[in-house]
There are 2 protein chains.
Amino acid sequence: MTNTPVCVVGLGLIGGSLMRAAHAAGREVFGYNRSIEAVQAARADGFDATEHIDEALTRAADSEALIVLAVPVPALRPMLERIRKAAPDCPLTDVTSVKSCVADEVRAVGLLERFVGGHPMAGTAQSGWAAGDRRLFDGAPWVVSVDDHVDPHVWAMVMRLALDCGAVVVPARSDEHDAAAATISHLPHLLAEALAATAGEVPLAFALAAGSFRDGTRVAATAPDLVRAMCEANADQVLPVLDRTIDLLARARSALSAQKPLTDLVEAGHAARVRYERFGRPEIVTTAVGADNWRAELAAAGRAGGVIRSALPVLDSRE
Amino acid sequence: MTNTPVCVVGLGLIGGSLMRAAHAAGREVFGYNRSIEAVQAARADGFDATEHIDEALTRAADSEALIVLAVPVPALRPMLERIRKAAPDCPLTDVTSVKSCVADEVRAVGLLERFVGGHPMAGTAQSGWAAGDRRLFDGAPWVVSVDDHVDPHVWAMVMRLALDCGAVVVPARSDEHDAAAATISHLPHLLAEALAATAGEVPLAFALAAGSFRDGTRVAATAPDLVRAMCEANADQVLPVLDRTIDLLARARSALSAQKPLTDLVEAGHAARVRYERFGRPEIVTTAVGADNWRAELAAAGRAGGVIRSALPVLDSRE
């Protein structure tokens, strides 16, 4: 089971890092990328890559590989159509930052049964094969979806891949993941863009910028298309948290303008950050994948901060 | 002139780091702190500190030391009253993050003639003597005010102290400094607080938080009183940039809600961040402090990104 080969579709920052990490863990891994440049670069680095999607998918089907979708959201649908034709029985996961819409796409092409969504919460402002790093996932949370449909055996394969890549597994429902991702990933990107854009209009600002500005705008260096893609794809979840943030800022604005103290915002923000710093990561050890009620149990454990650090046992019987 | 002793009033993060840095540069430096604990800690580290303000100020008057105000804004007025009594002729500077209101306080007690405001743009989320670091200012911009009143000899003393501490000097008018500081320091703090507070309300958020959240909320760990003090003291300058940011976010919200692209915000933010990364720091070398029009010349150079990396010459004649 741990010898399941891995087929990485898309060799950008995440896919390329995953290929390196899985390889370093001793897994058989091969990959596809649309652009020949990335394929050549991957080969030059000693990896097994092709620019021919059918070649990669046929090999995946023959070897019953776990297919990892590591392409941008807009490229998902045509790729899923090809997988349905060439490798419909392969277990399937993804590494996309929005989970519900990916599950919807997978459902639409009829591949949901063998699909378990994933999202490694790691990245840099860089992109492309060359930016990849086999240590990118070290210690990072890697969400593995525990939606109602998921098959325990595919789930366990994705769990093992994430662990092999050095991540810790956070089990979560797709909808809960998307609400959290909107808050801790998409919203920070929008705030960074707004901060950078505002400062760009104040003449002396860049001359005086130091740590708080540099940190607060770091993710504004991310390629605009990536930021748009993740925020727009998760708009339903971004809207309420963006509203909440705008409301907090507008109240602070009113207080400042009335020469009243900023206590409400500042105390709430500080308290939340302190709670975050102290947030525990209890290890999930008691659940067997495939046991009665295993999905709800894992979702609850993930919500409480629980993480999987070494592979959970898998029951042979299916629910 | 470079042997001017330095009297540091307040031995917290900034004052304590300044004392260490000036000492490491070979300067004679002594200091005062209200709490005996910090004084004892400074002494234990080999520094010359007292908890008796009159002792420190008498020594400053006797040695014609440069007095550095490193106390919080609310403590400024009583301290300035004491300086007026005990050391009214000493050159005076400060390290406070808001410049116009400090100049107003100094003017109110009649000490403006010997005062040149300063602001080292460095800090951490820590505070207190123990958090100090003699390398805190290495390469950091240190604003030295070039307001209309400033005396060239005092200005040069403050410039040399900043350079001795490893900083680069950015000459700027107090009002322009405050507008920029609102944008690149106070606004990022408010955004970090709002982001942390919003995430604190979303159950799975902390469990999934990674780099963009950690960076985006780092300064929310700053002591709430410090954040309030600097934002509230600079409210006039914070309000317009906070309004601008809220407006940018509200427009993004409208676009998201209408399923329109986020292009405006994301492209503007990305472009500004890229400009910031490429922002040059030309060295200011041609101005002589005290020459005709030197203040306006330095203010213009600072606005254009110019920094002083080694001491400018000082004309002996006063304007």
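Each value, and the rule that gives it
- Residues numbered from 1 in each chain as written.
- Chains lettered and ligands numbered in written order.
- Predicted model: local features only at pLDDT ≥ 70, side-chain atom pairs only at ≥ 80, totals over all residues.
- Heavy atoms only, no water.
- Contact = heavy atoms within 4.5 Å.
- Buried area = accessible area lost by both parts, 1.4 Å probe.
- Salt bridge = Lys/Arg side-chain N within 4 Å of Asp/Glu carboxyl O.
- Polar contact = N/O pair within 3.5 Å; in protein donor to acceptor, adjacent residues only side chain to side chain.
- Helix = DSSP H or I, 4+ residues; strand = E, 2+ residues; numbered from the N terminus.
- Nonpolar A, V, L, I, M, F, W, Y, C, P; charged D, E, K, R; others polar.
- Phe/Tyr/Trp six-rings, centres within 6.5 Å; stacked < 30°, edge-to-face > 60°.
- Buried < 20%, exposed > 50% of the residue type's maximum accessible area, 1.4 Å probe, protein only.
- Lys NZ or Arg CZ within 6 Å of the ring centre and 35° of its normal.
- Pairing = 2+ DSSP bridges.
- Axes fitted to C-alpha atoms, helices over the stretch in contact; angles between N-to-C directions.
- Least-squares fit on C-alpha atoms with pLDDT ≥ 70 in both.
- Domains from an automatic or database assignment.

Asks: Could you clarify how one ought to interpret the interface of chain A and chain B in this entry?
Replies: Where interface size is given, it is often the accessible area lost as the parts come together that is meant. The partner chain B presents 85 residues to the 85 residues of chain A that form the contact. Buried surface at the junction of chain A and chain B, both sides included, amounts to about 7,800 Å², of which 72% is carbon and sulfur. Interface area lost by chain A to chain B is led by Phe206, Leu208 and Tyr276 of chain A, which between them contribute 9%. Counting the contacts that link chain A with chain B gives six salt bridges. In this structure, the salt-bridge partner of Asp215 of chain A is Arg218 of chain B, at a minimum N-O distance of 2.3 Å. One can count 26 residue pairs in polar contact (both at pLDDT 80 or more) joining chain A with chain B. Top contributing element to the side of chain A that touches chain B by residue count: helix 7 (residues 174-199) of chain A, with 19 residues. The class makeup of the residues in the side of chain A that touches chain B is 51 nonpolar, 17 polar and 17 charged.

Asks: Please clarify how the packing of aromatic side chains should be interpreted in this entry.
Replies: Each aromatic ring pair is characterised by the separation of its centres together with the angle its planes make. For the coordinates displayed, the defined rule picks out 14 aromatic pairs over all chains. Look at Phe137 of chain A and Trp142 of chain A: their rings are 5.1 Å apart centre to centre, the planes differ by 50°, and that puts the pair in the tilted class. Classification of Phe137 of chain A as buried rests on a relative accessible area of 0%. Taken together, a centroid distance of 5.7 Å and an interplanar angle of 75° make the contact between Trp155 of chain A and Trp294 of chain A edge-to-face. In this pair, Trp155 of chain A sits in helix 6 (residues 152-164) while Trp294 of chain A sits in helix 13 (residues 294-303), placing the two residues 139 residues apart along the sequence. Each member of the pair, Trp155 of chain A as well as Trp294 of chain A, is classed as buried. For the cation-ring pair, Arg20 of chain A lies above Trp129 of chain A, with the distance from its terminal atom to the ring centre recorded as 3.8 Å. Its end group placed over the ring of Phe30 of chain B, Arg59 of chain B keeps NZ or CZ at 4.0 Å from the ring centre.

Asks: Explain the sheet that holds strand 2 (residues 29-32) of chain B here, please?
Replies: Backbone-to-backbone hydrogen bonds pair the strands of a sheet. The strands run either parallel or antiparallel. Residues and elements named next belong to chain B. Spatially, five strands are ordered 3-2-1-4-5 in an open sheet, and the strand pairing comes out parallel. What marks the edges here is a single partner per strand, and that holds for strand 3 (49-50) and strand 5 (92-94). By the bridge criterion, four bridges tie strand 1 (residues 6-9) to strand 2 in an arrangement that is parallel. In the strand pairing of strand 2, Val6 is matched with Val29. Lying on the sheet, helix 1 (residues 13-24) is in contact with strand 1, strand 2 and strand 4 (66-69); it crosses strand 2 at an angle near 165°.

Asks: Explain the sheet that holds strand 6 (residues 118-120) of chain A here, please?
Replies: All names here are of chain A. Here we have three strands laid out as an open sheet, ordered 6-7-8, and mixed in their pairing. In the strand order of this sheet, the two ends are held by strand 6 and strand 8 (168-172), each with one partner. Neighbour-to-neighbour, the strand axes of this sheet turn through a mean angle of 20°, independent of strand direction. Contacting strand 7 (141-145) and strand 8, helix 6 crosses the sheet at an angle of about 145° to strand 8.

Asks: How should the relation of the copies chain A and chain B be read in this particular structure?
Replies: Two chain copies, one operation linking them: a rotation about an axis together with a shift along it. For the pair chain A and chain B, the superposition axis carries a translation of 0.0 Å, the fit reaches an RMSD of 0.1 Å, and the rotation angle comes to 180°. These values place the two chain copies in the arrangement generated by a two-fold rotation axis. Of the residues that chain A buries at the interface, 100% are likewise interface residues in chain B, meaning the two copies contact each other through the same surface.

Asks: Hey, could you run me through the domain arrangement of chain A in this one?
Replies: Residues and elements named next belong to chain A. For chain A, the assigned domains are domain 1 (6-172 + 280-303) and domain 2 (178-278). Relative to domain 2, the C-alpha centre of domain 1 lies at a distance of 30 Å. Each partner contributes residues to the interface: domain 1 has eight residues there, and domain 2 has 10 residues. Carbon and sulfur atoms supply 60% of the area buried between domain 1 and domain 2, which totals about 800 Å² over both sides. Scanning the region where domain 1 abuts domain 2 turns up zero salt bridges. Inspection of the domain 1/domain 2 interface yields three residue pairs in polar contact (both at pLDDT 80 or more). Residue composition of the side of domain 1 that touches domain 2, by class: four nonpolar, three polar and one charged.

Asks: What am I meant to see in the pattern of salt bridges here?
Replies: For side chains bearing opposite charge, pairing can occur when the charged atoms are close. For the structure shown, the criterion picks out 42 salt bridges over all chains. In this structure, Arg43 of chain A and Glu51 of chain A form a salt bridge, with 3.9 Å as the shortest nitrogen-oxygen distance. Given a relative accessible area of 42%, Arg43 of chain A falls into the partly exposed group. By relative accessible area, Glu51 of chain A is classed as partly exposed at 26%. Arg107 of chain A is the partner of Asp104 of chain A in a salt bridge, and the nearest nitrogen-oxygen pair spans 3.0 Å. Of this pair, Asp104 of chain A and Arg107 of chain A both sit in helix 5 (residues 100-108), three residues apart, roughly one helical turn. By relative accessible area, Asp104 of chain A is classed as partly exposed at 44%. Each of Glu201 of chain A together with Arg244, Asp247 and Arg251 of chain B takes part in one network of salt bridges that share partners.

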